[in-house]
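What the coordinates show
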Amino acid sequence: MSIAIECHAESMETFSKLAPVEAVLFDIDGTICDSDPIHYYAFREMLQEVGFNNGEPITEEFFSEYISGKHNPDIGKLLFPDWDHDKYMKFMDDKEVLFCSLAKDQLEPVNGLHKLCKWIEDHGLKRAAVTNAPRANAELMISKLGLADFFQFLVIGSECERAKPFPDPYLKGLELLGASPKHTFVFEDSASGIRAGVAAGMPVVGLATRNPEQVLKDAGGSLLIKDYEDLNLWNMLHELEPSMAEKLDVSDGNKQ
């Protein structure tokens, strides 16, 4: 089934229950920018250098299944079970340095991102970025995309008790924003991130930028989209607008 007909009555009902929406939480890698090809290149080159998989380059399928969206310590432990913690974390740190150097020139926003951000601002919604990426990477990507003033908070998985796929980072985002999971939804692109959002009690819009649609659906994605121009997304958002308009009217009335 194509993404174009993935949005059905059940999905719309899930999001309609959020009314009035008060906040939106975003993952970063693969969600606001198509950074997975850069991560894949960095991992492929560095793993080949250390002789991983007998020197054979990893495939995109391997990257998607075992690396994308996961927490660096977990990735290091999985890739190098015979290495001690300091050794595999040194590898991961070096990989992040390579990623940052490449991202400075290659990073691009997911199609329609700035249109969506304007809609969110126009409707007075709270927003935060919630990621398993290291803080330096996250801040670099947000800055390169011109979103430093858009996000009110940045939550880093490694700075929480547990990173994604546990709900802790998303629960922290809700706490910082003073938002309820009953009136908040999430944008994610990985199975790990979707599971985290669902575990935190929120519906998740899954972006099929790189990971297979079925994987995102099986993880609990309530609505799957190609990018932020997807008509299914905008149909959902337009259905939420009346309740948000009422909320804004009440808020403006209280200020007078």
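Relevant structure appears above.
Before going into details, it helps to say that this report is about the structure given with it. (Residues numbered from 1 in each chain as written. Predicted model: local features only at pLDDT ≥ 70, side-chain atom pairs only at ≥ 80, totals over all residues. Heavy atoms only, no water.)

**As for the pattern of salt bridges**
For side chains of opposite charge, pairing can occur when their charged atoms come near one another. Applying the stated rule across the entire model yields 13 salt bridges. Between K95 and E96 there is a salt bridge whose closest N-O contact spans 3.4 Å. E96 carries the same exposure label as K95, and that label is buried. The salt bridge involving D230 is made with K226; its shortest N-O contact spans 3.4 Å. Looking at K226, the relative accessible area reads 45%, which means it is partly exposed. One salt-bridge network, in which partners are shared between bridges, spans D27, K164 and E188. (Salt bridge = Lys/Arg side-chain N within 4 Å of Asp/Glu carboxyl O. Buried < 20%, exposed > 50% of the residue type's maximum accessible area, 1.4 Å probe, protein only.)

**Quick look at the packing of helix α4 (residues 72-79) against helix α5 (residues 85-106)**
Relative orientation of the contacting elements α4 and α5 amounts to 120°, with a least axis distance of 9 Å. Put simply, α4 runs oblique to α5. Crossing of α4 against α5: the hand is right-handed. When α4 is examined against α5, the residues N72, P73, I75, G76 and K77 are found in contact with a partner set consisting of Y88, M89, M92 and E96. Across the contact of α4 with α5, the residue classes tally to 5 nonpolar, 2 polar and 2 charged. (Axes fitted to C-alpha atoms, helices over the stretch in contact; angles between N-to-C directions. Helix = DSSP H or I, 4+ residues; strand = E, 2+ residues; numbered from the N terminus. Parallel < 35°, antiparallel > 145°, perpendicular 65-115°, else oblique. Left-handed = near helix turned anticlockwise from the far one by under 90°. Contact = heavy atoms within 4.5 Å. Nonpolar A, V, L, I, M, F, W, Y, C, P; charged D, E, K, R; others polar.)

**Some words on empty space enclosed by the protein**
Applying the stated criterion across every chain, the model contains 1 cavity of 30 Å³ or more. When its volume is computed, the largest cavity comes out at roughly 250 Å³. Going through the elements one at a time, α2 (36-49), α4 and α5 are the ones with two or more residues in the lining of the largest cavity. In terms of residues, the lining of the largest cavity owes the most to one element, α2, which gives 3 residues. Classifying every residue of the lining of the largest cavity gives 6 nonpolar, 9 polar and 9 charged. (1 Å grid on protein atoms, 1.4 Å probe; cavity = no way out; pocket = protein on both sides within 12 Å on 5 of 7 lines; lining within 4 Å. Points joined across faces, edges and corners; volume = space filled by probe spheres on them.)

Take it as geometry only, folks, not as evidence of what the structure does.
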